[in-house]
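Reading the structure
Given next are the chains, with one letter for each unit.
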Amino acid sequence: MRSWHPWLHFRTITRHKLLVMKYCFRIGLYKQGLLHDLSKYSPTEFLVGCKYYQGTRSPNNAEREDIGVSTSWLHHKGRNKHHWEFWVDFTHRGCQPAEIPVQYIFEMFCDRVAASMIYQGANYRDQFPLIYYQRGKHSYILHPHSRALLEELLVYLDQNGLEQTLQYIK
């Protein structure tokens, strides 16, 4: 049976939220910074996080491994526009990506940086968000313009560091 970690999960998601908020504020996305990931505090997401908390990766991955699907992730991606999955439509031609408005690409960038910082801790390096992206990008259904902008920002971060990248975005 899994351990129950409500305090550790609350602390992790709050640290993540505050980091994203800090970076969103730095680039002028005040409303998005304040509203970022509020759904993680809903019972649907929070209780799964408490049950599957590990501290080094998303509890959604552990839930998916345990029961074959992440109910928390299904809830989360449908409510948070900074996830590419929010922008995929299902048509007669199959899955079709919509172009993501740039403010959500910027929030997505902040989210990826903050997640890498939280999960890597003192080992964090500015190349980690790009490495993580490159590992999964083959399965991402992204509009070509959205993909190009996200990749540009992640490469810029890797080559120039966070401070310069935030200035570049601003």
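Everything below is about the structure shown above.
Criteria and cut-off values
- Residues numbered from 1 in each chain as written.
- Predicted model: local features only at pLDDT ≥ 70, side-chain atom pairs only at ≥ 80, totals over all residues.
- Heavy atoms only, no water.
- Helix = DSSP H or I, 4+ residues; strand = E, 2+ residues; numbered from the N terminus.
- Buried < 20%, exposed > 50% of the residue type's maximum accessible area, 1.4 Å probe, protein only.
- Salt bridge = Lys/Arg side-chain N within 4 Å of Asp/Glu carboxyl O.
- Pairing = 2+ DSSP bridges.
- Axes fitted to C-alpha atoms, helices over the stretch in contact; angles between N-to-C directions.
- Parallel < 35°, antiparallel > 145°, perpendicular 65-115°, else oblique.
- Contact = heavy atoms within 4.5 Å.
- Nonpolar A, V, L, I, M, F, W, Y, C, P; charged D, E, K, R; others polar.

**Considering unusual backbone geometry**
Not every positive phi belongs to a glycine, and Asp37 is a case in point at roughly 55°. Here Asp37 is to be found in the loop between helix 2 (30-35) and helix 3 (43-52). With relative accessibility at 2%, the residue Asp37 sits in the buried group.

**As for the pattern of salt bridges**
Applying the stated criterion across every chain yields a total of 4 salt bridges. In this structure, the salt-bridge partner of Lys40 is Asp37, at a minimum N-O distance of 3.2 Å. Taking the shortest distance from any N to any O, the salt bridge between Lys137 and Glu151 comes out at 3.6 Å. Of this pair, Lys137 sits in the loop between helix 7 (128-136) and helix 8 (144-160) while Glu151 is found in helix 8, placing the two residues 14 residues apart along the sequence. A relative accessible area of 23% places Glu151 in the partly exposed class.

**Topic: the pairing of strand 1 (residues 88-91)**
Summarising the sheet, strand 1 and strand 2 (residues 94-97) pair through 4 bridges and their orientation is antiparallel. Looking across to strand 2, one finds that Phe90 is bridged to Cys95. Connecting the antiparallel pair strand 1 and strand 2 is a turn made up of 2 residues.

**Topic: the packing of helix 3 against helix 4 (residues 59-67)**
Contact pair helix 3 / helix 4: the axes reach a minimum separation of 9 Å and the direction vectors enclose 80°. Taken together, the axis directions place helix 3 and helix 4 in an arrangement best described as roughly perpendicular. For the pair helix 3 and helix 4, contact is made by Val48, Gly49 and Tyr52 and by Pro59, Ala62, Glu63, Asp66 and Ile67, respectively. Among the residues forming the contact of helix 3 with helix 4, the class breakdown is 5 nonpolar, 1 polar and 2 charged.

**Focus: the environment of Gly121**
Tracing the backbone through its elements, the reader meets Gly121 in the loop between helix 6 (102-120) and helix 7. Between the C-alpha atoms of Gly121 and Tyr132, which are 11 residues apart in sequence, the distance is 15 Å.

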